Structure formats: structure tokens, C-alpha cells
Amino acid sequence: MIRRSLFAVLLLLWVSFPAFSQDMKKEERLPKGQFTFSPGAGLVYRTFEKGTFLGDTYGMGLGFRLKMDFEFRGYPGIGVYFGTQKASIQSNPFLGGFFKEVRMPETGMYLYHQVPISEKLALRGELGYGKLQVIHGLSPSRFILNYANFSGGIVANYTLAKEVRGVFDLKLIFGGNYSFLNGNKIVINSLDRTYVQRATAVQGIFGFQIGYL
Amino acid sequence: MRKISSIRFSGVSFLLISLLLSLGACQEFIHNSFDTFTGKIVDVEGNPVADLELTLTQDLDFGVAQAPVAKSIIYTIKTTNRGEFRLVVPSRTDISFNTEYFLLLTAPVQFELEDSGMSFLYRYYSFTTAGRAADGVIDLGTLKIVRE
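Residues numbered from 1 in each chain as written. Chains lettered and ligands numbered in written order. Predicted model: local features only at pLDDT ≥ 70, side-chain atom pairs only at ≥ 80, totals over all residues. Heavy atoms only, no water.

Student: So, the overall build of chain A: which residues are in play, and what are the values?
Tutor: A tally of helices and strands in chain A yields four helices and eight strands. In chain A, the succession of helices and strands from N to C terminus is α-α-β-α-β-β-β-β-β-β-α-β. Counting all 213 residues of chain A, 46% fall into the buried class. Element-wise, carbon and sulfur atoms account for 65% of the exposed surface of chain A, whose accessible area totals about 11,100 Å². (Helix = DSSP H or I, 4+ residues; strand = E, 2+ residues; numbered from the N terminus. Buried < 20%, exposed > 50% of the residue type's maximum accessible area, 1.4 Å probe, protein only. Areas by Shrake-Rupley, 256 points an atom, 1.4 Å probe, with all protein chains shown as cover.)

Here it is in C-alpha cells:
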């Protein structure tokens, strides 16, 4: 998954690079300091590191993410997101077989800085902090585990259509991030504490974003 | 008129808040918390019993003239070389009236439990999570078994 994303980024860089010099001027058609906002939506797939509770207990499926970026042109931006991911529960020695279903909603925010590579392609670095919930069962028999999520990643924006109706740009977004999860509020015996409370994860995202001018 | 509508609004708010509180109070599990049951199994001479099969359940069927049977099994494990066991489950709230667990043995082994200075043999050992420590551990101590 990561290798394929990396290959796609490199391919787009290669395709876009010849137009780089002349396109940079066009890219900066908005004045510095101009406020823009960009709602987006995408499919996500996160996999947790094996050898941790999250990695060994849950089989991960596809999820989605809704996000909104806010930026003053030329300065680092800030974004917020909400998403969830499907998962299944594997045989494990912690949940007692009490639950059949699990879902993993998450919310958070991130800082980003975007660098235009060509007229159509831009790369951005992101640093984020959020909350991931692992919700087992249905109310009133829900059992929730909360994790803080620190993440960093690289996302590419490829502009599919510019100034649609003179109002917005339509962009394809794809990338990935690496995150550290910390569930230090989870109460558990000392022998299993690190295994249950800590994890790392790799996440890929693919979707669309609308950049209002 | 305004007074009546404000009374109605506060009544509805009260009902909604009461409903939310009652839903919260009915939660069956304690979020972000696991209970851990630990203990050690020894024989009549006090030696650790390794590889002993233990079944954890909350649902025992006490039939007439038969050994109790687990209607649903949480875990089946084996003791370590030192006779120790560790079982982890999500913590349950007391309000669910469901904080009683049973450790069940399979024949030909039974727990030897003392009560009022007398020894009794049971196929199961029952306990609750009332004595939970801050880290969620419920130490069942040393449990003695006998072979029939």
C-alpha cells in the first residue's frame, strides 16, 4: 500500500515536472494572505503494528474521512477531520468474546504546510493530534477504549480541474501518515499495560478536495 | 403564555436529561478499564499444578445430580509451569448485577475450599470483582485442588 502510494507520487512528480517553471507563476494567482478553505472527503485504510493490542485484536477494513482545511495563502494552514473505519474482532485474550462488532471513529486537527511542485501538483507535510475511539458493542453494552493519536504524514494534491465555475478547484488527494497511539488512561494490569496502551499505525488516504478560491 | 412555554421547555429538558443520565447509569461496562483475575493453583501438598485447564464463565448451569456446566465460555486456559493463571476481561459496572464469575474445572479435579474450618469440594470457584485494585487486578490468591 505504502509502496504503491509512493510510486504514484513519484509518477505524478515526473509527469508534472516539465511544466514546473512556467506553472509556478500561475499557481500563485492568489495574493499572499488570501484566506481559503477546502472541504474534502476520502477513503482511508489504517493498519496497526503487529505485536500490539490494536494490531493483534482487530482486522481492519476501509473507512472514510471528512476534513476541512483553513489557510491564509502562503502560510501554514490548519485542518480538522472526522472519520471512521470498519474493523472486525479477532480471537484475543482481552475482550472475553463479549462483543461482535467494533467501530473506530476518530476526530482531530493538524497543521500543514503545502509546497507547490507544479501547476497541478502540490505536496504537503502534516502534523496532527486527534482522538481515536475503539467502540465495542452497542449501548448500553458498549465498551470504549480511547487513544490519543499523534501523526505525521505527507499528502499530495493533484488538481483535476481549475476554477470550476470560477469558484473552486477540484483536487485529487492521496498520501499517508504514520501515527503513535497512546491509551494511557486505560486501566489494566502492569504486565499487559504497554501492549494494550501503545501502538503505531500506518494510514493511507485517497480522496477529493474542493479548494474555494 | 411565555411562562407556560418556558415551563414546558424546562419539563422536556428535565425529561431528556433524566433519560440521558439513566442511559449512562445503565452502562454495562466501565470504559477504558480491564479486570485481571490472577491466582495460583496448587495440589494438596502445596505444589504448583502446571497445565491445568481452567474455564472462566459467568453462566453456570447447576443441574440436579450433575456437575455444573458452563453454558457460555469466556476463556479456557491452562496454568503456567508455576501453576499461575492470568485472565483479562473488560470491567463490568456493579449496576449490571453481572460482576460474578466462575472458574470451572474439568473432571477428575475439584477445588478444595474451606468454610468455617471445614473442607468442601467444588467443581467451580466463584468470585466477584468487588475487591478490584486500582490497576484492575483481582487476586484470587492460592487455590487448592484435589484429584478424585
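Student: Just give me the short version of the overall build of chain B, but keep the residues and values in it.
Tutor: Counting secondary structure elements, chain B contains one helix and eleven strands. Counting helices and strands in the order they occur from the N terminus, chain B gives α-β-β-β-β-β-β-β-β-β-β-β. Evaluated residue by residue, chain B yields a buried proportion of 39% over its 148 residues. Looking at chain B alone, contacts between residues at least 24 apart form 67% of all its contacts between residues at least 6 apart. With an accessible surface of roughly 8,800 Å², chain B has 58% of that area assigned to carbon and sulfur atoms. (Contact = heavy atoms within 4.5 Å.)

Student: Lay out the interface of chain B and chain A in plain terms, naming residues and giving numbers.
Tutor: Contacts between the two partners involve 23 residues from chain B, matched on the other side by 25 residues from chain A. When the two sides are added together, the surface that chain B and chain A hide from each other amounts to roughly 2,000 Å², 57% of it contributed by carbon and sulfur. The tally of links from chain B across to chain A stands at one salt bridge. Taking the shortest distance from any N to any O, the salt bridge between A:Asp192 and B:Arg86 comes out at 3.0 Å. (Buried area = accessible area lost by both parts, 1.4 Å probe. Salt bridge = Lys/Arg side-chain N within 4 Å of Asp/Glu carboxyl O.)

Student: How would you sum up the confidence of the model for chain B? Please name residues and give values.
Tutor: On average, residues of chain B carry a pLDDT of 86, and 82% of them reach 70 or more. For this predicted complex, the interface confidence reaches an ipTM of 0.82, while the overall pTM sits at 0.83. (pLDDT = per-residue confidence, 0-100.)

Student: Describe a nonpolar patch on the surface, with residues and values.
Tutor: Residue and element names in this part refer to chain A. Together, Phe35, Phe37, Phe70, Phe72, Tyr75, Ile78, Val80, Met109 and Leu111 line one region of the surface with nonpolar side chains, adding up to about 810 Å² of accessible area. Broken down by secondary-structure element, the contributors of at least two residues to the nonpolar patch are strand S1 (35-48), strand S2 (58-72), strand S3 (77-89) and strand S4 (102-116). Mapped onto the secondary structure, Phe72 falls in strand S2. Here Phe72 falls in the partly exposed class, since its relative accessible area comes to 47%. (Patch = residues over 30% accessible without salt bridge, like charges linked within 9 Å, V, L, I, M, F, W, Y side chains within 5 Å.)

Student: Run through the pattern of salt bridges, naming residues and quoting values.
Tutor: Residue and element names in this part refer to chain A. Counted according to the given criterion, the structure contains ten salt bridges over all chains. The shortest N-O distance in the salt bridge between Arg65 and Glu106 comes to 3.5 Å. Of this pair, Arg65 sits in strand S2 while Glu106 sits in strand S4; the two residues are 41 residues apart in sequence, bridging distant segments of the chain. Residue Glu106 is classed as buried on the basis of its relative accessible area of 4%.

Student: So, the packing of aromatic side chains: which residues are in play, and what are the values?
Tutor: With the rule as written, the count across this model stands at 31 aromatic pairs over all chains. Between A:Phe35 and A:Phe72, the ring centres sit 5.3 Å apart and the planes meet at 55°, which makes this aromatic pair tilted. Taken as a pair, A:Phe35 in strand S1 and A:Phe72 in strand S2 lie far apart in primary sequence, 37 residues in all. Overall, the relative accessible area of 38% leaves A:Phe35 in the partly exposed class. Feature note: the residues A:Phe53, A:Tyr58, A:Phe94, A:Phe98, A:Phe99, A:Phe143, A:Tyr195, B:Phe29 and B:Phe34 constitute an aromatic cluster, connected by ring pairs. The ring of A:Tyr112 carries the charged tip of A:Arg124 above its face, separated from the ring centre by 3.7 Å. Over the aromatic face of A:Phe98 sits the side chain of B:Arg92, whose NZ or CZ is 4.6 Å from the ring centroid. (Phe/Tyr/Trp six-rings, centres within 6.5 Å; stacked < 30°, edge-to-face > 60°. Lys NZ or Arg CZ within 6 Å of the ring centre and 35° of its normal.)

Student: Tell me about the sheet that holds S1(A), and name the residues and values.
Tutor: Residue and element names in this part refer to chain A. If you walk around this closed barrel you meet the eight strands as S1-S2-S3-S4-S5-S6-S7-S8, and the pairing is antiparallel. In this sheet, neighbouring strand axes are inclined to one another by 20° on average, regardless of whether the strands run parallel or antiparallel. Judged from the eleven bridges that link them, S2 and S3 form a sheet pairing that is antiparallel. Across the sheet, the residue bridging to Tyr58 is Ile89, located in S3. (Pairing = 2+ DSSP bridges. Axes fitted to C-alpha atoms, helices over the stretch in contact; angles between N-to-C directions.)

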